[in-house]
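Notes for the structure review
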Amino acid sequence: QECLHQIMPRHWLRNRIRLVITATDIGPAVMGLFTPKLVLPANLVSQCDPNTLRPILMHELIHVRRLDLFWGFLQVLAT
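Before going into details, it helps to say that this report is about the structure given with it.

Cut-offs applied
- Residues numbered from 1 in each chain as written.
- Predicted model: local features only at pLDDT ≥ 70, side-chain atom pairs only at ≥ 80, totals over all residues.
- Heavy atoms only, no water.
- Pairing = 2+ DSSP bridges.
- Helix = DSSP H or I, 4+ residues; strand = E, 2+ residues; numbered from the N terminus.
- Axes fitted to C-alpha atoms, helices over the stretch in contact; angles between N-to-C directions.
- Contact = heavy atoms within 4.5 Å.
- Buried < 20%, exposed > 50% of the residue type's maximum accessible area, 1.4 Å probe, protein only.
- Phe/Tyr/Trp six-rings, centres within 6.5 Å; stacked < 30°, edge-to-face > 60°.
- Salt bridge = Lys/Arg side-chain N within 4 Å of Asp/Glu carboxyl O.
- Lys, Arg positive; Asp, Glu negative; His and termini not counted.

Our focus in this paragraph is the sheet that holds strand β2 (residues 29–31). With mixed pairing, the three strands of this open sheet are ordered in space as β1-β3-β2. The outermost strands of the open sheet, each flanked by one partner alone, are β1 (18–22) and β2. Between one strand axis and the next, the sheet turns by 30° as a mean value, whatever way the strands run. Here β2 runs beside strand β3 (residues 37–41); their pairing, made up of three bridges, is antiparallel. Note that in β3 the partner of Ala29 across the bridge is Val39. Sitting on the sheet, helix α3 (residues 50–65) touches β2 and β3, and the angle it makes with β3 is about 150°.

Turning to the pairing of β3, a few remarks are in order. Of all five residues making up β3, four are buried, and the element is well covered by its neighbours. Both β1 and β3 contribute to a ladder of five bridges, which runs parallel. Of the residues in β3, the one forming a bridge with Val20 is Val39. Where β2 hands over to β3, the hairpin turn is made up of five residues, of which Gly32 adopts a positive phi near 100°.

Evaluated as defined, the whole model comprises one aromatic pair. Geometrically, the ring pair formed by Phe70 and Trp71 is edge-to-face, given 5.2 Å between the ring centres and 70° between the ring planes. Owing to a relative accessible area of 35%, Phe70 belongs among the partly exposed residues under this scheme.

One pass over the structure, following the stated rule, counts one salt bridge. Here Arg66 and Asp68 are joined by a salt bridge, their closest N and O atoms 2.9 Å apart.

Turning our attention to the side chain of Glu60. Its location among the elements puts Glu60 in helix α3. Here Glu60 occupies a buried position and makes no salt bridge, while the nearest side chain of opposite charge, Arg66, is found at 9.8 Å. Excluding its chain neighbours within four sequence positions, the residues that come into contact with Glu60 are Pro28, Ala29, Val30 and Leu38.

Spelled out as structure tokens, the structure:
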């Protein structure tokens, strides 16, 4: 959580993004259109140190900053 909040200002994200660690085998992902949650699998978190997790978190935060979930929703709606 601390690593995530250190990275967020660099990506111009002011709102808190909830970090969810799950036991399922889901890959790192962002879920939630209005209140984004960054979901990480527990096995990834337990195997990685903060320096290894940082690029993964940065990648997912880019999806939040670019509003990828919103645009994906619009694509589904248009279809």
